[in-house]
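Below, each chain spelled out in residue letters.
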Amino acid sequence: MSAINLLQELLTASEKAANIARVCRQNQRLFSLLVQEKEKDESNSRFDHDFKTLADCLIQEMIKHDIGKRFPELRDNIRGEENAKFTNSAGDSVIVTVADDPAPTVEALEKVLNGDKDAVAALVDEVYRDVQLDMESLELPTDSIPLDNDWSELGIWIDPIDGTAEYIKAEEKLTKYPNIASAGLKCCTVLIGVYETNQGTPILGVINQPFAEKLSDQDDVGGEYRSKIFWGMSVGDLKFNNIAPHETEARIAILSPSEQSKYKDFIRNQLKYDVIYSSGAGYKILKIATGEAELFLLSKGTTYKWDTCAPQAILRSMNGDLFNLQDTLINKSVKKISYQDRKVIRNLGGLIAYQNIDKLREFLKL
């Protein structure tokens, strides 16, 4: 069994997800129908109001269907952030599903969208579209790479749209570094990560930025966009990714705007980093992988396994990793984020990410 076949399916699913995200966001009439507030047991404690969109639910169910159809042994081990229940404006709850037969999907979407057949047709077309990616441009290895695990020993975490608040608000803000956004659609990512269940180690990760490149001059979010797709693979001693080395003269730490002041001050004054703030856990960790920032730190346990599995796999493909911050600080030894315990879905000890482990060791000395 080849890791390349699985990676190709993840990449294709991520681009189909990006298409759905764009279709939902670009049609303002459609988009206004799609947003609802999460229930209390679903929401992130970091936000006063936490929303999900129909795009989230639909993308997650599409990915589960497409990957599960191609690899049936994985079907029961594919998990995501959202539950599939969505409530329409009339208060009717609907379970959004994707199956081989599009009829149940059409029926569910018509209920959610109050019978708007044009909107339903636009979404269903994207869900069942045959997406063709130029795999050569994504720099996949040409040789077959066998996996040591049976398919049943692999798990998948999906975050259908990481940065949902940015997806909804779409208030574009840049930092003083042109390649790093502070807020807005650029911070939104589709995250698909594969891990081995026995050890809890991420081995494959795909990050798709649906709104990475704007193709038109329109000021609003109705213009056309193109994706950027990043992937990483770490299987045994074999490590591959499509990320070109990037060197920056500045020492940049990328943090959440809500980070505790004691950490901000220490990083800025003691470690001499230029501290910048950005949104989306997946986006911030991606910037560590690309080398555009050196340190990502989050002191609170406000991220989940679906936020971190894909970017951690990419970091591991570059000899970096993602660690439990509090355990690292207390024990002065690195404890990597693990996915072994299915019942633990939150990264309770916070996070610290480096692409360069030597830089992490310097941090520990201080």
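Below is a short write-up of the structure. (Residues numbered from 1 in each chain as written. Predicted model: local features only at pLDDT ≥ 70, side-chain atom pairs only at ≥ 80, totals over all residues. Heavy atoms only, no water.)

**Re the overall build of the protein**
Phase 1 of the analysis: A tally of regular secondary structure across the protein gives 11 helices and 17 strands.
Phase 2 of the analysis: Expected size for 366 residues packed as a compact globule is a radius of gyration near 21 Å; at 20 Å, the protein falls within 12% of this value.
Phase 3 of the analysis: With the C-alpha coordinates aligned to their principal axes, the bounding extent of the protein is approximately 60 × 45 × 40 Å.
Phase 4 of the analysis: Expressed as a percentage of contacts within the protein between residues at least 6 apart in sequence, the contacts between residues at least 24 apart total 70%. (Helix = DSSP H or I, 4+ residues; strand = E, 2+ residues; numbered from the N terminus. Rg over C-alpha atoms; globule rule 2.2 N^0.38 Å. Contact = heavy atoms within 4.5 Å.)

**Concerning the sheet that holds strand β10 (residues 201–214)**
Phase 1 of the analysis: Spatial ordering of the open sheet is given by β3-β6-β9-β10-β11-β12, a layout of six strands whose pairing is mixed. Looking along the sheet, the strands with just one partner apiece sit at the ends: β3 (78–80) and β12 (238–241). Taken pair by pair, the neighbouring strands of this sheet meet at an average axis angle of 15 degrees, ignoring direction.
Phase 2 of the analysis: In this sheet, strand β11 (residues 225–235) lies alongside β10 in antiparallel orientation, the contact comprising eight bridges. In the strand pairing of β11, G205 is matched with G232.
Phase 3 of the analysis: Along the sheet, helix α1 (residues 3–26) contacts β6 (154–162), β9 (189–196), β10 and β11; its crossing angle with β10, the most-contacted strand, is approximately 35 degrees.
Phase 4 of the analysis: Lying on the sheet, helix α9 (residues 305–316) is in contact with β3, β6, β9, β10, β11 and β12; it crosses β10 at an angle near 100 degrees. (Pairing = 2+ DSSP bridges. Axes fitted to C-alpha atoms, helices over the stretch in contact; angles between N-to-C directions.)

**Side note on the pattern of salt bridges**
Phase 1 of the analysis: Applying the stated criterion to the full structure yields 16 salt bridges.
Phase 2 of the analysis: Close ionic contact of E15 with R22 constitutes a salt bridge, the shortest N to O distance being 3.1 Å.
Phase 3 of the analysis: Given a relative accessible area of 12%, E15 falls into the buried group.
Phase 4 of the analysis: The shortest N-O distance in the salt bridge between E107 and K111 comes to 3.9 Å. One end of the pair, E107, and the other, K111, are both in helix α4 (residues 103–112), four residues apart, so they sit about a helical turn from each other.
Phase 5 of the analysis: The class of K111 is partly exposed, set by a relative accessible area of 45%. (Salt bridge = Lys/Arg side-chain N within 4 Å of Asp/Glu carboxyl O. Buried < 20%, exposed > 50% of the residue type's maximum accessible area, 1.4 Å probe, protein only.)

**Side note on the nonpolar core**
Phase 1 of the analysis: Ranked by size, the top nonpolar core spans 63 residues in total, and within it I63 and Y167 carry the most contacts.
Phase 2 of the analysis: Contacts of Y167, omitting those with residues within four sequence positions, involve A21, C24, R25, F31, T53, A55, I161, L185, C188 and F211.
Phase 3 of the analysis: One finds C187, F296, Y339 and L351 within the second-largest nonpolar core, a separate group that totals 33 residues. (Core = buried A, V, L, I, M, F, W, Y, C linked by side-chain atoms within 4.5 Å.)

**A short note on α1**
Phase 1 of the analysis: Relative to the 34 Å expected for 24 residues at 1.5 Å per residue, α1 spans 35 Å between its end C-alpha atoms, a close match to the ideal helical length.
Phase 2 of the analysis: Burial runs high along α1: 20 of the 24 residues are buried.
Phase 3 of the analysis: In this structure S2 caps α1, since a side-chain oxygen of it lies 3.1 Å from the backbone nitrogen of I4. (Expected span 1.5 Å × (residues − 1). Polar contact = N/O pair within 3.5 Å; in protein donor to acceptor, adjacent residues only side chain to side chain.)

**So, the environment of D321**
Phase 1 of the analysis: Tracing the sequence through the fold places D321 in strand β16 (residues 321–324).
Phase 2 of the analysis: Beyond its immediate stretch of four places on either side in the chain, D321 contacts Q312, L315, R316, K336, I352, A353, Y354 and I357.
Phase 3 of the analysis: There is a polar contact of 2.9 Å between the side chain of D321 and the side chain of Q312.

**Regarding the pairing of β9**
In summary, the side chains of a regular strand alternate between the two faces of the sheet.
Phase 1 of the analysis: Burial runs high along β9: eight of the eight residues are buried.
Phase 2 of the analysis: The alternating pattern of β9 places T189, L191, G193 and Y195 on one face and V190, I192, V194 and E196 on the opposite face, and all of these are buried.
Phase 3 of the analysis: Pairing analysis gives seven bridges linking β6 to β9, with the strands arranged antiparallel. The residue bridging W157 from the neighbouring strand is G193, located in β9.
Phase 4 of the analysis: Pairing of β9 with β10, which is carried by seven bridges, proceeds in the antiparallel orientation. Within the sheet, the bridge partner assigned to I192 lies in β10 and is V206.

**A word on the packing of aromatic side chains**
Phase 1 of the analysis: The full count for this structure, using the stated rule, is seven aromatic pairs.
Phase 2 of the analysis: Ring geometry for F71 against W151: centres 4.7 Å apart, planes inclined by 35 degrees, an arrangement best described as tilted. On the criterion of sequence distance, the pair formed by F71 in the loop between α3 (54–70) and β3 and W151 in the loop between α5 (117–127) and β6 is long-range, its members being 80 residues apart.
Phase 3 of the analysis: Looking at W151, the relative accessible area reads 12%, which means it is buried.
Phase 4 of the analysis: Seen in terms of ring centroids, Y304 and W306 are 4.7 Å apart; in terms of plane orientation they differ by 5 degrees. Their pairing is stacked. (Phe/Tyr/Trp six-rings, centres within 6.5 Å; stacked < 30°, edge-to-face > 60°.)

**Section: the sheet that holds strand β14 (residues 274–277)**
Phase 1 of the analysis: Overall, mixed pairing links the five strands, which are arranged β14-β13-β15-β17-β16 in an open sheet. Where the open sheet ends on each side, the last strands, each with one partner, are β14 and β16. Geometrically, the sheet is characterised by an average inter-axis angle of 25 degrees between neighbouring strands, direction not taken into account.
Phase 2 of the analysis: Across three bridges, the pairing between strand β15 (residues 295–298) and strand β17 (residues 351–354) is antiparallel.

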